[in-house]
Structure formats: C-alpha cells, structure tokens
Amino acid sequence: MNLETIQYNQDENGLVTLTLDDPQQSANTMRRQFVEDYIAVVDHIEVNKADISGVLITSAKPTFFAGGDLRELIAATPDDAPAFVEFSNRLKRAMRALETLGMPVVAAINGAALGGGLEIALACHYRVAMDNPSTRIGLPEVTLGLLPGGGGVVRTVRLLGVIEALTKVLIQGQQMRVADAKAVGLVDEIAADSDAMLSAGKAWIVANPKATQPWDARGYKMPGGTPTHPMLAANLPAIPATLRAQTKGAHYDAPHHIMSAAVEGASVDINRAFEIETRYFVDLVCHSPQAKNMTQAFFFDLQAINKGGSRPDGFERWSATRVAVLGAGMMGAGIAYQCARSGIDVVLKDVSLEAAEKGKAYSENLVTKAVKRGKLSQDKANAHLNRITPTDSYENLAGCDLVIEAVFESPDLKKQVFADTESVVAADALLCSNTSTLPITDLATGVSRPQDFIGLHFFSPVDKMPLVEIIVGKETSDAALAKAVDLVLQIGKTPIVVNDSRGFFTSRVIGGFVNEAMAMLTEGINPVMIERAGNQAGYPAPPLQLMDELTLTLPAKIMAQNRAGAEAAGVEYVPHPAETVVEQMLAAGRAGRSSGAGFYDYDESGQRQKLWPGLFEMFGIENDRHLQVDDEDLVKDMSERMLFGEAIETVKCFDEGVITSYADANIGSIFGIGFPPWTGGVAQYVDQYPGGTTGFVARCKELSDRYGDRFIAPASLVTKADGGEPFRPPGAG
Ligand code: NAI
C-alpha cells in the first residue's frame, strides 16, 4: 500500500504495522488526507484479512497523534454541518470496521495521544504506551469548547462507564501522564522504551488472535450500568448539578453536549450512539460560538504566544542560569520556587538571613507536598531545594545573569536595591522588577543600564498562576525584551507583552469588572445579585469577593493617581461611581480579607463567612429588592456591564498602544485576571458579540444611555463597526 500519511508494512508472519507519519506536518493530525488514508487502509486490511494476523498502529513522530484539524473546525459555518456529519461518520465507520474484523489491533503509543489520537487508540483492542515523561494522554476537546467526535465519548463510556468516563476523562479533559492513564484504564500496559513497546504490542497480537472489544464480547455489561440501571439512574442527576456548581451557573455548551452524548449514547446500541455523538459534535463545530472562541484562545492564541509571538525577531534564544531574587516575601518566595523548579540556580536575598530562609521554606513546603502526593521524586525535590541559596548579603549575588526584584512596593527602596545589586551581578544581567503598579520607565532611572531594565509582573500565587505580564519601559531594548520572553517560557509560564502605562494592561482592565460591580451597590442593587451576575457571566470569582482578595487600598491608590493625573493634564475628572464605594468602605475599616473585613465578614482565621449585612444600610439597599428578580434584562445588563467594562478598557489600551497583540490581550485576560474563558478572551469578546463590532457598538449605546458615559464606545471601534470590520484585523496576532 502506498499512502501519503500512513506507512504500511507487513512482516512474514502477516502482522501489519501502520506507522502514522504525515510528511506535511511535525505532528499527525486528523486532516482530510489522513482520514482518506485511514479509510483506505482499513478497506485494504478488510479485503486482505485472510493473510493478516493482526495490526499494530504506531507513529514515526515524537508524538503519537495530535488530534483534529482545528483550522478546519474553527472555520466551519452552519452550512458545513452536513459535510461534517458525513466526514465524521465515514471515519467512525472505518474505525468500527477495524475493531470488528476479528483480528487483534494494538496501539503502540510512543508519545502524546490527545483527542483524535486517543480516539484512534481507543478503536484498538489493546493500548501499550511507552514510558515517556512528556507523553500526555486524554480527550481535552472540552477545553476548546468541543467534544470528541471520533468515537471518544462512545468508547470511553463503554470502556469505563458513564460516570467514570465523564468525571475522569471527558468533562474536564484531563491530559494524563502515562501512569495516570493506566490507572484510569485508558492504557493497558506501560513499556520501558520503544523496542519494549513494539515487542509487547506484537506479543499481545500473537497471544490474542481473536481479539474483540469488551463491548462486543458476549455478556458485556456497561461498567456501572446503563442509564436505566437503578444505581446509575440514581447518580445521574448529580452530574449536571456538579457541572453547574463548577461553572457557577455560567452556561458552557461543550460539557453540556458531552454529558448528553454520553448519557443518551449509553442507552442505545453502539452505532446509534456514534450517530448521537456526531450530532452533538457537529452542533458544537458548526453552531457554537463558544467552540470558536475557545479554540481561538486556548489553541491558536496560546500557541502563538508560546512560540514567542510578541518576541522581537533576530535575537538568539537565551536562557538564564543563575538568578538573584531580591525580596523573599510572598512574591519573591514564589518566584524563587518557580525558577529553581526550572533548573535555574537561585540566590534569594532579603534583609535578614532569617527572612530569606523563610522565603526558601515556601519551596520546601511545596516540594514536600509534591513528594507526598507522588508527583515528585525525593531526588528531584532535593535538587530543587539545593538550587535555592538564601542570603542577606549582596556579595552572594555575584555571577547572576538575571535579577528579579520583589521588595516592598516603594520606588525609592526598589531603586536602592538595584543600585546595590547592579555592581555585583554579571555586567549584562537582565534587570527585572515585579512591581505591580510603579512605572517601569521611572524605576529604570535608578540603574546605569536602563536598556536592560524591564517589568516582569507575576501573579499570586506564582506557582499556580500561569501568566507573566512583561512591561516594556521607554528605554528597554528589544534584546532585553527577547530575553525576558525567553525567560518566562523557560520557567514554564505564558508571557504577554505590554507597554509601560498606569496599571499596565491587566490591572487596568480588571478595574472595568470590579468597578462596575461596586457601582451597582450605589444603585441599590442587592450584593447577592451582583455576585450572582458575575458568576453567570462566567467569572471564576464573583466581583465583591475578588475585590476583598485584592484589597480596596489598591484601587484607592489608583483612583487618587488618576485624579491627580487628570488635574495635572488640566482635564475634567469624572470619578467612576465605584470611587465612593471604595471611600466609604475604607472609612468603615473594611479594606478586604487581609484586614479581616471587607464586602464579606471573615472569621479569625481569615475564612470568608457571609456578605457584610452593613452594606444594606451603607448603600440604602432595600433588603429584597432585586433579590428575587427574574427580570432577565436587568441580569443581562449586570453581567454585560462587567464584561463591557473590561472590553471597552481593552479597546482603549489598544488605542493607546499599551497592548498591541490581540492574542496577548485574550490570553492575558483569561490567565491573569479571570476573564470568562467561554468568551475566548477580552478582545475576542468584542468580535464574538452578536452582530460583531456593530452589535457591540449598538449595545454600548444602550448601556451608556442607561448607566453612564463610561460605556460610550471608543471612536476607533465605531469606525471599525461603520466599516463592517472586526475589532481584530484578519490575520493579526
Ligand atoms: P512582601 O511584603 O510579602 O515581601 C517583600 C519582601 O521584600 C519582604 O520579605 C521584605 O523583607 C523584603 N525586602 C525589603 N527590603 C529589602 C531589601 N532592601 N533587600 C531585600 N529584600 C527586601 O511583598 P510581596 O507581596 O511579595 O510584593 C513584592 C513586590 O511584588 C511588590 O512590588 C508588589 O507590588 C509586587 N507584586 C505583588 C503581588 C501580590 O499579589 N502581592 C502581585 C504582583 C506583584
């Protein structure tokens, strides 16, 4: 057989090896040519089955198989639905044919098998995976707003049972390491290396000449029972309830469709189940804006960023070897942990050795937990900790090629520690500040090499939060920016690049969300409703709760700066209605969780209790007003005021050149400040709004008429809407 994407080899014993090897791509994907080849190969095997003893499927790439062709899926329109149905069904018919030929079929999983890759492997009778630490196995379609449409829902349900398949594989789209995939039951055997994997696969074929799938075996019973079984029937209602709790009432198409496909498919025969799966899959691909938003953000935008999207060209890839982390407080300790974890030697400096050691203890705590949970070997944990040297002396910073400063938020102190550090570290060391609010250009005046000075804005807690906002000062060179992007990628984080401006990008945009929520209090809206509107919009934390975490002193400072800035520029200052809320709360001694009181009450240990009842009196809120609202328009207005608040601020950031990459804006907003993932990010939100930019601008008009001038659409967006153009120009990064 001569095929473009699959190599066909038959040995003297009649064993056929199919090696997936797409010559056009670095990874195998489910593009049309592959599907045609797969169908052709199955036809061929069927015709020649008398001479074939079994089939082994493996790959010539470092990964096994990457999954669907997302370019094609994201471009699909409702008109394409029939074609997608046909495409899906043809592929599934071939997969079904292969597993019912009466000969053993084994997947030898040499590397990542995600999405379509795992679906190919699930249509085999036995899966042996090579013990490769970089391998990930799973069906992550849900994270892109999609569902596995190549039999993944049907086969995991039949293999594991409805509940297990939904919770362990489908609804969260877990990307598992080989051992975890084996524990779940997606993999049957683990082999030490490639040779062992191939021999194990072949041995299984020899030993099981009449292999069938469990669900085709006589007497098969679905694990956990079908939906008519009383046990499962009793448990089923809990699934949508759990899902609703996870998404806090925000509606996500993909998990909903996956759940439906799994449950409906479990009640019927397998061919009917495939049809049901196809119908839900095609509905997402062709009709769900969420699928497009999420695929754009979590695949294309994220991939562009991780390939160094906003990195200036022409500079060699750099990696840091030894970092001076200045300040071993909450942020410095987290930064030290993250750098050491990535193999960088860390000198962690604070004013006293004791304080520096306390910073290192943060890492000790995290690695100890990881060892206990079996996520990290003791050797690796020791190596990690050995890389961190706590110190109180600048001399120990000698030889560092990178400095990350995280001392108190004071310009004078920061300038002082840089002055003390600069003379000790390498002459070309990259100089970074983790300031959250201070202008980078001003801090750079404190060093002799402002071209090497840059902002690295980490988020708390550093080990969990995936984003780093890189801030380019006036004097920062492209070479320094390239190094900073390399560094962020080196430590396994996602970089976005922004220009120096008050609040940078993320802190400025998040204001659009929390300020709107606070403004609602002044309108007499019940705070319970405000929190609910935030949840329904899809924010991971409701706004007043979030505000308590961030503490109200920060917006108070920013508001004061804004006022001073306007006065200095001689323009009239129009305060946001949230300002009086901040002032009143601070005057009442309720700055947020860290001060023990905010919009919520807290117990002595800092646990959040309930919304502070005093809010009702403070803002003249009538107790029951709006609490029971089924006034959908009001709820929609509340959610959209939050989303528009952030989106309009983002448009302004583009207008002012604070941010220039749409991918960075999307990913920065989701990863850094919790913009709802279903939107595909804050820039995508504008384009995906019903009616596109025209619809968005029209909605701005409604909101500004009702709630104030801050919702007036920026002129640049009105121009785009008038010209029928999207916010993000086609092809823009
Ligand atoms: P922190 O108060 O927990 O830690 C600051 C540390 O700096 C303390 O351990 C202090 O002893 C040390 N320090 C003071 N003077 C020093 C000196 N001369 N040499 C060495 N160390 C010195 O503060 P945190 O929260 O870690 O913040 C640090 C920086 O990170 C600030 O600029 C802050 O704005 C910024 N940031 C904070 C975020 C947060 O969520 N807390 C998020 C992003 C940035």
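Residues numbered from 1 in each chain as written. Predicted model: local features only at pLDDT ≥ 70, side-chain atom pairs only at ≥ 80, totals over all residues. Heavy atoms only, no water.

A.B. asks: What should I look at first to understand the overall build of the chain in this one?
C.D. replies: Helix and strand counts for the chain stand at 30 helices and 20 strands. Compactness check: the chain gives a C-alpha radius of gyration of 28 Å against a globular reference of 27 Å for 733 residues, within 12% of the reference. When burial is assessed residue by residue, the chain has 56% of its 733 residues classed as buried. Taken as a whole, the chain presents about 30,300 Å² of accessible surface, with 52% of it coming from carbon and sulfur. For the chain, the separation between the mean place of its 65 positive charges and that of its 90 negative charges on side chains is 5 Å. (Helix = DSSP H or I, 4+ residues; strand = E, 2+ residues; numbered from the N terminus. Rg over C-alpha atoms; globule rule 2.2 N^0.38 Å. Buried < 20%, exposed > 50% of the residue type's maximum accessible area, 1.4 Å probe, protein only. Areas by Shrake-Rupley, 256 points an atom, 1.4 Å probe, with all protein chains shown as cover. Lys, Arg positive; Asp, Glu negative; His and termini not counted. Charge placed at Lys NZ, Arg CZ, Asp CG, Glu CD.)

A.B. asks: Looking at this structure, I do not really get the domain arrangement of the chain. What am I missing?
C.D. replies: It is common to give the size of an interface as the accessible area lost on bringing the parts into contact. Along its sequence, the chain is organised into domain 1 (6-287), domain 2 (322-502) and domain 3 (508-722). One C-alpha centre belongs to domain 2, the other to domain 3, and the line joining them spans 31 Å. Taken together, the 13 residues of domain 2 in the interface contact twelve residues of domain 3. Taking both sides of the interface into account, the surface hidden between domain 2 and domain 3 amounts to around 1,100 Å²; carbon and sulfur atoms contribute 61%. Applying the counting criterion to the domain 2 and domain 3 interface returns zero salt bridges. Inspection of the region where domain 2 meets domain 3 yields three residue pairs in polar contact (both at pLDDT 80 or more). In the side of domain 2 that touches domain 3, the residues fall into eight nonpolar, four polar and one charged. (Domains from an automatic or database assignment. Contact = heavy atoms within 4.5 Å. Buried area = accessible area lost by both parts, 1.4 Å probe. Salt bridge = Lys/Arg side-chain N within 4 Å of Asp/Glu carboxyl O. Polar contact = N/O pair within 3.5 Å; in protein donor to acceptor, adjacent residues only side chain to side chain. Nonpolar A, V, L, I, M, F, W, Y, C, P; charged D, E, K, R; others polar.)

A.B. asks: I would appreciate a short explanation of unusual backbone geometry in the present structure.
C.D. replies: Trans is the common state for peptide bonds, and a negative phi is the common state for residues other than glycine. For the bond running from Ser460 to Pro461, omega is -5°, close enough to zero to count as cis. Along the polypeptide, Pro461 turns up in the loop between strand 16 (453-458) and strand 17 (467-472). Even without being glycine, Phe504 reaches a positive phi, approximately 50°. Residue classification places Phe504 among the buried positions, given a relative accessible area of 0%. Unlike most non-glycine residues, Thr551 shows phi in positive territory, near 65°. Summarising the element assignment, Thr551 is placed in the loop between helix 22 (543-550) and helix 23 (553-569). A relative accessible area of 14% means that Thr551 is categorised as buried.

A.B. asks: How should the pattern of salt bridges be read in this particular structure?
C.D. replies: Between side chains of opposite charge, pairing is possible as soon as their charged atoms come close. For the structure on display, the rule yields 35 salt bridges. Across the pair Asp301 and Arg728 runs a salt bridge whose closest N-O atoms are separated by 2.9 Å. Here Asp301, found in helix 13 (residues 289-306), pairs with Arg728, found in the segment after helix 30 (715-722); they are 427 residues apart in sequence, far enough to count as distant. For Asp601, the salt bridge identified is with Arg590, shortest N-O distance 2.7 Å. Here Arg590 lies in the loop between helix 24 (578-587) and strand 19 (600-602) and Asp601 lies in strand 19, a separation of eleven residues in the sequence. Note on accessibility: Asp601 and Arg590 belong to one class, buried. Overlapping salt bridges, with partners in common, bring together Asp637, Glu640, Arg699, Glu702 and Arg706 in one network.

A.B. asks: Would you mind going over the site of the ligand with me for this structure?
C.D. replies: Within the structure, the ligand sits among 21 residues, and Met331, Asp350, Glu409, Lys414 and Ser436 are positioned closest to it. Interatomic distance of 2.9 Å between a backbone N/O atom of Met330 and an oxygen atom of the ligand. At a separation of 2.7 Å, an oxygen atom of the ligand approaches a polar backbone atom of Met331. Contact with the protein chains removes 78% of the 830 Å² of surface that the ligand exposes when unbound. For the shell around the ligand, the elements supplying multiple residues, two or more each, are helix 14 (330-341), helix 17 (411-422) and strand 16. For the shell around the ligand, a count of residues per class yields ten nonpolar, seven polar and four charged. (Near = heavy atom within 4 Å.)

A.B. asks: Could you clarify how one ought to interpret a positive patch on the surface in this entry?
C.D. replies: On the surface, Arg177, Arg341, Lys369, Lys372, Arg373, Lys375, Lys380 and Lys464 cluster together into a patch of positive charge. Take Lys372: it is sitting in helix 15 (residues 353-372). Overall, Lys372 belongs to the exposed group, its relative accessible area being 73%. (Patch = residues over 30% accessible without salt bridge, like charges linked within 9 Å, V, L, I, M, F, W, Y side chains within 5 Å.)

A.B. asks: I would appreciate a short explanation of the packing of helix 21 (residues 527-537) against helix 26 (residues 632-655) in the present structure.
C.D. replies: Each pair of packed helices gets described by two things: the angle between the helix axes and the distance between those axes. Contact pair helix 21 / helix 26: the axes reach a minimum separation of 9 Å and the direction vectors enclose 70°. In terms of axis orientation, helix 21 runs roughly perpendicular to helix 26. Crossing angle aside, the handedness with which helix 21 passes helix 26 is right-handed. Every residue of helix 26 that contacts helix 21 at Met529, Ile530, Ala533, Gly534, Gln536 and Ala537 is listed here: Val635, Met638, Ser639, Met642 and Leu643. Classifying every residue of the contact of helix 21 with helix 26 gives eight nonpolar, three polar and no charged. (Axes fitted to C-alpha atoms, helices over the stretch in contact; angles between N-to-C directions. Parallel < 35°, antiparallel > 145°, perpendicular 65-115°, else oblique. Left-handed = near helix turned anticlockwise from the far one by under 90°.)

A.B. asks: When you look at the sheet that holds strand 17 in this model, what are you seeing that I'm missing?
C.D. replies: Across a sheet, strands are paired by hydrogen bonds formed along the backbone, either parallel or antiparallel in direction. The eight strands lie next to each other as 13-12-11-14-15-16-17-18, forming an open sheet whose pairing is mixed. Each edge of the open sheet is held by one strand with a lone partner, namely strand 13 (388-391) and strand 18 (494-499). Going from strand to strand, the sheet's axes swing by 25° on average, the running direction of each strand aside. One ladder, built from four bridges, connects strand 11 (residues 322-326) with strand 14 (residues 402-405); its direction is parallel. Counted as the bridge partner of Ala324 is Val403 from strand 14. (Pairing = 2+ DSSP bridges.)

A.B. asks: Can you help me understand the nonpolar core in this one?
C.D. replies: A general feature of soluble globular proteins is that nonpolar side chains tend to end up buried together. Counting 184 residues, the largest nonpolar core has Ile45, Ile57, Ile137, Leu186, Phe505, Phe599 and Phe696 as the members making the most contacts within it. Excluding anything up to four places from it in sequence, Leu186 contacts Leu118, Leu122, Arg127, Ile137, Thr156, Leu159, Leu160, Val169, Met176 and Ala181. Counting 35 residues, the second largest nonpolar core, distinct from the first, contains Ala406, Val472, Leu489 and Ile491. (Core = buried A, V, L, I, M, F, W, Y, C linked by side-chain atoms within 4.5 Å.)

A.B. asks: I keep staring at helix 1 (residues 32-47) and nothing clicks. Help me out?
C.D. replies: It helps to recall that an α-helix has 3.6 residues per turn; residues three or four apart then point in one direction. With 16 residues, helix 1 should cover 22 Å at 1.5 Å per step; its first-to-last C-alpha distance of 23 Å lies within 8% of that length. Where helix 1 is buried, its residues meet strand 1 (6-10), strand 2 (15-20), strand 3 (29-30), strand 4 (54-59), helix 3 (81-99) and helix 4 (116-122). (Expected span 1.5 Å × (residues − 1).)

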